[in-house]
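Examination of the molecular architecture
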Amino acid sequence: MQKDLSNYRKSYQKSELLEGSIDGNPMQQFQKWFYEVEDANGMDEPNAMTVSTMGVDGFPKSRVVLMKKFAYDGFVFYTNYESEKGNAIAQNPNICLSFFWPVLERQVIVKGQAVKIAPNLSDGYFESRPQGSKLSAIASKQSKTIANRELLEERLKQLEQDFKGKEILRPEHWGGYLVKPVEIEFWQGRPNRLHDRIRYALQDDLEWKIERLQP
Ligand SMILES: Cc1cc2nc3c(=O)[nH]c(=O)nc-3n(C[C@H](O)[C@H](O)[C@H](O)COP(=O)(O)O)c2cc1C
C-alpha cells in the first residue's frame, strides 16, 4: 500500500513577518498574531496547541491540548497531573508548544518550562467548567488503560448520582500548567519556500534577543 503525495504543493502568500513591524516582546507579538488569526475566521480552535514532552521512557511525545490563557509570563493549559504528560513534566519540565494556524499560514514554536499554577487558580478554572467535564476529570485516570468504554460510562453515571445536588470540587490530580517561555519562534509562510522565521530568545539579563532564521 502506498500513496504518493509529491504533488501536494501550496504556495504561501498571505502575509509577511519583517523586523520593521514586529514587537520587541514575543508575548505581545503572539497576542498580535493570535488576534489576527481569530479575526481571520475560518479557523476552529486557534487555541489548540501541540505539547511535546520528553517521556520517562526516553521518547518525545506530542499531543494537542487547549491553551486557556496567555499573558506576559506564558501560556496556560489544563490537564491531569498524573497523565503520561504529567509524569513526563515532573521528570523534565522543559517542554515545547506549537501552534499551526493554516488560515494565515503561520506557525509558532515555544520552548519553555512548565510549572503547576497555584491551586486556587486551578480551582477557579475548574469551577467554570460544565458539570459533565468536572465529573469526567474525576472519572478518568488519564493515560491509564481500561478494559472497555462501558466501565468509564458506568463510572460517570455513578459519579452523577453521588454528586447530585452537591458541589464538585477540583480533584488534586487535575490542574493547570504555566509554560514560561525561554524561546519563541514565529514562522510565516512565504512564496517559493523563502519563509520568514523570527526567533526571540531570553537572555541572562532577561532581555529578548531577536534574530532571523533561514527558512
Ligand atoms: C482539540 C483537542 C483538544 C484537547 N484538549 C486537551 C486539554 O486541554 N487537556 C488535556 O489534558 N487533553 C486534551 N486533549 C487530549 C490530549 O491530546 C491527550 O489525548 C490527553 O491529554 C492525554 O495525553 P497523554 O496521555 O500524553 O498525557 C485534547 C485533544 C484534542 C484533539
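The structure this text deals with has already been given above.
Residues numbered from 1 in each chain as written. Predicted model: local features only at pLDDT ≥ 70, side-chain atom pairs only at ≥ 80, totals over all residues. Heavy atoms only, no water.

Here the focus is the overall build of the chain. Scanning the chain for helices and strands turns up 5 helices and 8 strands. Helices and strands appear in the chain in the N-to-C order α-β-β-β-α-β-β-α-α-α-β-β-β. Looking at the 215 residues of the chain, the share that counts as buried comes to 36%. Considering only residue pairs separated by 6 or more positions, the chain has 64% of its internal contacts joining residues 24 or more positions apart. In the structure as shown, the chain presents an accessible area of about 13,200 Å², 49% of it carried by carbon and sulfur atoms. Of the charged side chains in the chain, 30 are positive and 30 negative; the average position of the first set lies 4 Å away from that of the second. (Helix = DSSP H or I, 4+ residues; strand = E, 2+ residues; numbered from the N terminus. Buried < 20%, exposed > 50% of the residue type's maximum accessible area, 1.4 Å probe, protein only. Contact = heavy atoms within 4.5 Å. Areas by Shrake-Rupley, 256 points an atom, 1.4 Å probe, with all protein chains shown as cover. Lys, Arg positive; Asp, Glu negative; His and termini not counted. Charge placed at Lys NZ, Arg CZ, Asp CG, Glu CD.)

Another aspect to go through is the site of the ligand. In the vicinity of the ligand there are 13 residues, among which R63, V64, T79, K85 and S143 approach most closely. Within the backbone of Y78, a nitrogen or oxygen atom sits 2.9 Å from a nitrogen atom of the ligand. At a separation of 3.4 Å, an oxygen atom of the ligand approaches a polar side-chain atom of S83. Notes on the ligand: free accessible area 620 Å², of which the protein chains cover 65%. Going through the elements one at a time, strand 2 (60–71), strand 3 (74–80) and helix 2 (84–91) are the ones with two or more residues in the shell around the ligand. (Near = heavy atom within 4 Å. Polar contact = N/O pair within 3.5 Å; in protein donor to acceptor, adjacent residues only side chain to side chain.)

Next up on the list: the packing of helix 4 (residues 131–139) against helix 5 (residues 149–162). Interaxial distance between helix 4 and helix 5 falls to 9 Å at its minimum, and their mutual angle equals 120°. Judged by the angle between their axes, helix 4 and helix 5 are oblique. When the axes of helix 4 and helix 5 are compared, the crossing they make is right-handed. Residues L135, S136, I138 and A139 of helix 4 lie in contact with helix 5, whose contacting residues are L152, R155, L156, L159 and E160. When its residues are assigned to classes, the contact of helix 4 with helix 5 shows 6 nonpolar, 1 polar and 2 charged. (Axes fitted to C-alpha atoms, helices over the stretch in contact; angles between N-to-C directions. Parallel < 35°, antiparallel > 145°, perpendicular 65-115°, else oblique. Left-handed = near helix turned anticlockwise from the far one by under 90°. Nonpolar A, V, L, I, M, F, W, Y, C, P; charged D, E, K, R; others polar.)

With respect to the helices and strands, the residue S143 is situated in the loop between helix 4 and helix 5. Once the C-alpha coordinates of S143 and S83 are considered, the two residues, 60 residues apart in sequence, prove to be 5.2 Å apart. At 3.0 Å, the side chain of S143 and the backbone nitrogen of E84 are in polar contact.

Quantified by volume, the largest pocket comes out at close to 350 Å³. Forming the walls of the largest pocket are 16 residues, and the residues nearest its centre are Y78, T79, R129, Q142 and W174. For the lining of the largest pocket, the secondary structure elements donating two or more residues are strand 2, strand 3 and helix 4. For the lining of the largest pocket, the leading source of residues is strand 2, giving 4 residues. Residue composition of the lining of the largest pocket, by class: 7 nonpolar, 6 polar and 3 charged. In this structure, the second largest pocket encloses a volume near 170 Å³. As for the second largest pocket, its lining consists of 13 residues, and the residues nearest its centre are K69, V76, Y78, I117 and L121. Elements supplying a minimum of two residues to the lining of the second largest pocket: strand 2, strand 3 and helix 3 (119–128). Counting residues per element, the lining of the second largest pocket draws most heavily on strand 2, which supplies 4 residues. (1 Å grid on protein atoms, 1.4 Å probe; cavity = no way out; pocket = protein on both sides within 12 Å on 5 of 7 lines; lining within 4 Å. Points joined across faces, edges and corners; volume = space filled by probe spheres on them.)

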